[in-house]
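# Geometric and topological summary
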Amino acid sequence: MIKIGDKIPACTLKVMGVKGPESFDTLIEFAAKKVVLFAVPGAFTPTCSAAHLPGFVVMFDQLKAAGVDLVACISVNDAFVMSAWGKSANAENIVMLADGNATFSQAIGLDKDASKFHMGTRSKRYAMIIDNGVLSYLAVDEAGLENSSAEQILQQL
């Protein structure tokens, strides 16, 4: 699993653009920025939709005021699903990243096997702070939403 002080791995994710899915290169997009990246096991799932994403939507201005350049949500879903979920949650300020093949989740060691729920490989629920492409804070929730909420991340900034 990724550790504090490790560089964020180079991965190409997808994000919905005006003409469809576009590439999002972690090396480029996370360079020279303070980034809050939070992961959910799945778009439109109960805790993710009722609490995790909405918390970051509500606290977006406070995160920006604390010096965050980019707030992004990542899930092992495709760009179409992430875009629709973001729109349904009024998350227009949050970059909705698609890790469709779990490439990023696996590269940082935060993937999980959700096949018993017929969901295949997913991401664990976590939130991290990235400073200039380097992990500076990581909070993982094995169950619930105590560690990776927007409130908890704001306290770390």
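Structural data are supplied above this passage.
Throughout this document, residue positions are counted from 1 along each chain, in the order its sequence is written. Only residues with pLDDT of at least 70 are given local features in this predicted model, and only at 80 or more are side-chain atom pairs given and counted; all residues enter the totals for whole chains, interfaces and linings. The basis for every side-chain value is the complete set of non-hydrogen atoms in the structure, without hydrogens or water.

## Quick notes on the pattern of salt bridges
- Salt bridge, as used here, is a side-chain nitrogen of Lys or Arg placed within 4 Å of a carboxyl oxygen of Asp or Glu. This model, assessed by the stated rule, comprises 3 salt bridges.
- Of the charged contacts, one joins glutamate 29 and lysine 33 as a salt bridge, the two residues approaching to 3.7 Å between their closest N and O atoms.
- Its salt-bridge partner being lysine 124, residue glutamate 142 comes within 3.6 Å of it at the nearest N-O pair. Note that glutamate 142 is positioned in the loop between strand 9 (134–141) and helix 6 (150–156) and lysine 124 in the loop between strand 7 (121–123) and strand 8 (125–131), a separation of 18 residues in sequence. Labels follow the DSSP assignment, with helices taken as runs of H or I lasting at least four residues and strands as runs of E lasting at least two, numbered in each case from the N terminus.

## Considering the side chain of serine 75
- Relative to the helices and strands, serine 75 resides in strand 4 (residues 70–75).
- Note on exposure labels: buried denotes an accessible area under 20% of the residue type's maximum, exposed denotes more than 50%, and partly exposed covers the range between, all computed with a 1.4 Å probe on protein chains only. Relative accessible area serves as the criterion here: at 1%, serine 75 is assigned to the buried category.
- Reaching out from serine 75, the side chain makes a polar contact with the side chain of asparagine 77 at a distance of 2.7 Å.
- Pairs of residues are marked as contacts when any of their non-hydrogen atoms sit within 4.5 Å. If near-sequence neighbours (up to four positions away) are discounted, serine 75 is found in contact with Val40, Pro41, Gly42, Ala43, Met82, Leu97, Ala98 and Asp99. Each polar contact in these results corresponds to two N or O atoms within 3.5 Å; when the atoms are within protein, one needs to be able to donate a hydrogen and the other to accept it, and residues that are neighboring in sequence are counted only if both atoms are side-chain atoms.

## Some words on the environment of serine 49
- Topologically, serine 49 is positioned in helix 2 (residues 46–58).
- Between the C-alpha atoms of serine 49 and alanine 89, which are 40 residues apart in sequence, the distance is 7.7 Å.
- Those residues in contact with serine 49, other than ones at most four positions away along the chain, are Phe44, Pro54 and Trp85.

## Quick look at the pairing of strand 1 (residues 12–17)
- The side-chain alternation of strand 1 yields one buried face, formed by Leu13, Val15 and Gly17, and one unburied face, formed by Thr12, Lys14 and Met16.
- In short, DSSP must find at least two bridges between two strands for them to pair. Pairing geometry for strand 1 and strand 2 (residues 20–25), over 6 bridges, is antiparallel. When the bridges of strand 2 are listed, lysine 14 appears paired with serine 23.

## Things to note about the nonpolar core
- Among the nonpolar cores identified, the biggest contains 24 residues, and Phe38, Phe56, Val71, Cys73, Trp85, Ile94 and Met96 are the most heavily contacted of them.
- Looking at this core, the elements that each hand over two or more residues are strand 3 (34–39), helix 2, helix 3 (60–65), strand 4, helix 4 (79–88), strand 5 (95–98), strand 8 and helix 6.
- Excluding anything up to four places from it in sequence, methionine 96 contacts Lys14, Val15, Leu53, Cys73, Met82, Trp85, Gly86 and Ala91.
- Residue types Ala, Val, Leu, Ile, Met, Phe, Trp, Tyr and Cys, when buried and joined through side-chain atoms within 4.5 Å, form a set referred to as a nonpolar core. If you look at the next biggest cluster of nonpolar residues, it comprises 22 residues, including Ile8, Leu37, Ile74 and Leu135.

## Notes on unusual backbone geometry
- With a phi angle near 60°, alanine 102 is a residue other than glycine that sits in the positive phi range.
- Within the secondary structure layout, alanine 102 lies in the loop between strand 5 and helix 5 (103–107).
- The phi angle at asparagine 132 is positive, at roughly 50°, despite the residue not being glycine.
- Note on placement: asparagine 132 falls in the loop between strand 8 and strand 9.

## Describing the packing of aromatic side chains
- Any pair of Phe, Tyr and Trp rings, taking the six-membered ring for Trp, is counted once the centres come within 6.5 Å. Such a pair is stacked with planes under 30 degrees apart, edge-to-face with planes over 60 apart, and tilted for the rest. The full count for this structure, using the stated rule, is 3 aromatic pairs.
- Ring centres 5.7 Å apart and planes at 65° place the aromatic pair phenylalanine 24 and phenylalanine 30 in the edge-to-face group. The burial state of phenylalanine 24 is the same as that of phenylalanine 30; both residues are buried.
- For the ring pair phenylalanine 44 and tryptophan 85, a centre distance of 6.3 Å and an interplane angle of 50° mean the geometry is tilted. Taken as a pair, phenylalanine 44 in the loop between strand 3 and helix 2 and tryptophan 85 in helix 4 lie far apart in primary sequence, 41 residues in all.

## Focus on the layout of surface pockets
- Detection works on a 1 Å grid of protein atoms alone, calling trapped sets that fit a 1.4 Å probe cavities and calling open sets with protein on both sides within 12 Å along at least five of seven lines pockets, with lining residues defined by an atom within 4 Å of a point. Grid points are joined across faces, edges and corners, and a volume is the space filled by probe spheres set on the points. One number sums up the size of the largest pocket: a volume of about 270 Å³.
- Lining of the largest pocket is provided by 16 residues; of these, Pro41, Cys48, Lys112, Arg125 and Glu142 occupy positions nearest its centre.
- When residues in the lining of the largest pocket are grouped by element, the largest group, 3 residues, is from helix 2.
- One number sums up the size of the second largest pocket: a volume of about 220 Å³.
- The wall of the second largest pocket is formed by Val15, Met16, Met82, Ser83, Gly86, Lys87, Asn90, Ala91, Glu92, Ile94, Val95 and Met96.
- Every element with two or more residues in the lining of the second largest pocket is listed here: strand 1, helix 4 and strand 5.

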